[in-house]
Amino acid sequence: MSDSPWSALTGDGRTRGERAADKAPLAYHVLLDRLNASTSWGDHVERVAQGEDPFEVARIYGNGVKRRRVIVEMLVRATAGHGEAIAYTVPDDSPGGAGSSRYSAPFWLHTIRGAECVARLGDKRCLECATLLDVTLWQGGGPSAKSSRVLYCTSCAPAADEHADRDAMHDVFSRAAAALAHR
């Protein structure tokens, strides 16, 4: 680890390898902070504390295995009062030097947007304007009917960038999973 003071906003004072290792726990903390500020996270934590299956409670945040594992771990940690602590190490073979992997404005914007979208999923709100949504839309009829998640209200849907929002959520979940894997 570098001996000079470092900036948690930019990564200044950290080596390239340290900054690369920092991004997963930073994303985890941004996600946790945003979930803690959401309207329903506390209710979800309470449901798990009361004995509900955390895998079922986590479903509202997405059905992917990685997503559900991250949310399950966060729910279980929150019920035990250990939601915030994440320890991690910087690999010994990580590159040194100043490098270009600062915590850039795009990193922070992407991470914050991903965490915001995740929290809004859990709150059943439009990813764009936070309007309360009916979260399922039935497509087709009969035995072949499918349900799909409504992500945006009818006003926001035409202009929403679903690809960018899904990408931001994917990156936050990937980094949070990496942070949890190395704790």
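Numbers given for residues are sequential positions, taken from 1 along each chain in its written order. In view of the model being predicted, local features appear only for residues whose pLDDT reaches at least 70, and side-chain atom pairs are presented and counted only at 80 or more, with totals across whole chains, interfaces and linings using the full set of residues. To obtain the side-chain values, all non-hydrogen atoms of the structure were used and water was disregarded.

Caption draft 1: Spatial organisation of the overall build of the chain. Helix and strand counts for the chain come out as six helices and two strands. Put simply, the chain runs from its N terminus to its C terminus through helices and strands in the order α-α-α-α-α-β-β-α. Burial classes: relative accessible area under 20% of the type maximum marks a residue as buried, over 50% as exposed, and values in between as partly exposed (1.4 Å probe, protein chains only). By the burial criterion, 40% of the 183 residues in the chain qualify as buried. The contact criterion used throughout is that any non-hydrogen atoms of two residues lie within 4.5 Å. The long-range fraction of contacts in the chain, counting pairs at least 24 apart against all pairs at least 6 apart in sequence, stands at 66%. What sets the accessible areas is the Shrake-Rupley method with a 1.4 Å probe; for residues, cover comes only from the shown protein chains. Carbon and sulfur atoms make up 54% of the accessible area of the chain, which totals about 10,000 Å². For the purposes of this entry, the term helix denotes a DSSP run of H or I that reaches at least four residues, the term strand denotes a run of E that reaches at least two, and both are numbered from the N terminus.

Caption draft 2: Up close: the environment of Val45. Relative to the assigned elements, Val45 resides in helix α2 (residues 41-49). The exposure class assigned to Val45 is buried, which follows from its relative accessible area of 14%. Each C-alpha atom of the pair Val45 and Val57 lies 8.7 Å from the other, and the pair is twelve residues apart in sequence. Here Val45 is in contact with Leu75, Ala78 and Thr79, once residues within four sequence places are set aside.

Caption draft 3: Broad picture of the packing of aromatic side chains. Side-chain rings of Phe, Tyr and Trp (the six-membered ring for Trp) are treated as a pair once their centres are within 6.5 Å; stacked means planes under 30 degrees apart, edge-to-face means over 60, and tilted covers the remaining angles. Scanning the model with the defined rule gives two aromatic pairs in all. Residues Trp41 and Tyr61 carry aromatic rings whose centres are separated by 5.9 Å and whose planes lie at 75° to one another, so their mutual orientation is edge-to-face. A residue pair is termed long-range when its members are at least 10 positions apart, and Trp41 in helix α2 and Tyr61 in the loop between α3 (54-57) and α4 (65-79) qualify at 20 residues. Considered together, Trp41 and Tyr61 belong to a single accessibility category, that of buried residues. Across the ring face of Phe107, the terminal group of Lys23 is positioned such that the distance to the ring centre comes to 5.1 Å. Only when the NZ atom of a Lys or the CZ atom of an Arg is both within 6 Å of the ring centre and within 35 degrees of the ring normal do we say a charge sits over the ring.

Caption draft 4: Structural context of the packing of α4 against helix α6 (residues 162-181). α6 packs onto α4 with a crossing angle of 55° between their chain directions and a minimal axis gap of 9 Å. Looking at the two axes, α4 sits oblique to α6. The way α4 lies across α6 gives a crossing that is left-handed. Packed against α4, whose contacting residues are Lys66, Arg67, Val70, Ile71, Glu73 and Arg77, the element α6 presents Arg166, Met169, His170, Phe173, Ser174, Ala176, Ala177 and Leu180 at the interface. In this count, Pro and Cys sit with the nonpolar residues alongside Ala, Val, Leu, Ile, Met, Phe, Trp and Tyr, while Asp, Glu, Lys and Arg are called charged and the others, Gly among them, polar. In terms of residue class, the contact of α4 with α6 is built from seven nonpolar, two polar and five charged. Note on definitions: angles span 0 to 180 degrees between N-to-C directions of axes, and those axes are lines fitted to C-alpha atoms, for helices only across the stretch in contact. Small angles under 35 degrees read as roughly parallel and large ones over 145 as roughly antiparallel, with 65 to 115 read as roughly perpendicular and the rest as oblique. The sense of a crossing depends on the near helix, which, turned anticlockwise from the far helix by less than a right angle, makes the crossing left-handed and, turned clockwise, makes it right-handed.

Caption draft 5: Region of the structure containing the confidence of the model for the chain. Note: pLDDT gives the predictor's confidence per residue, expressed from 0 to 100. Confidence in the prediction for the chain averages 83 pLDDT; 77% of positions are at 70 or higher. Here strand β1 (residues 136-139) stands out as the element of the chain with the lowest mean pLDDT, 53, in contrast to α2, whose mean of 96 is the highest.

Caption draft 6: Geometry of the nonpolar core. In this structure, Leu31, Leu35, Trp41, Ile71, Met74, Leu75 and Val118 are the most contacted members of the largest nonpolar core, which totals 42 residues. When residues of this core are traced back to their parent elements, those giving at least two are α1 (16-37), α2, α4, α5 (105-123) and α6. Setting aside anything within four residues of it in sequence, one finds Ile71 in contact with Leu35, Trp41, Ala58, Tyr61, Val118 and Phe173. Nonpolar cores are built from buried Ala, Val, Leu, Ile, Met, Phe, Trp, Tyr and Cys residues. Side-chain atoms within 4.5 Å join them into one set.

Caption draft 7: Structural context of the pattern of salt bridges. Every case where a carboxyl oxygen of Asp or Glu lies within 4 Å of a side-chain nitrogen of Lys or Arg is listed as a salt bridge. Counted by the stated rule, this structure contains eight salt bridges. In this structure, Glu116 and Arg34 form a salt bridge, with 2.5 Å as the shortest nitrogen-oxygen distance. Within this pair, whereas Glu116 is found in helix α5, its partner Arg34 is found in helix α1, the two being separated by 82 residues in sequence. Grouping residues by exposure puts Glu116 and Arg34 together as buried. Of the charged contacts in the structure, one is a salt bridge between Glu56 and Arg59, with a shortest N-O distance of 3.0 Å. By relative accessible area, Arg59 is classed as partly exposed at 40%. When salt bridges that share partners are traced, they join Arg34, Glu116 and Arg120 into one network.

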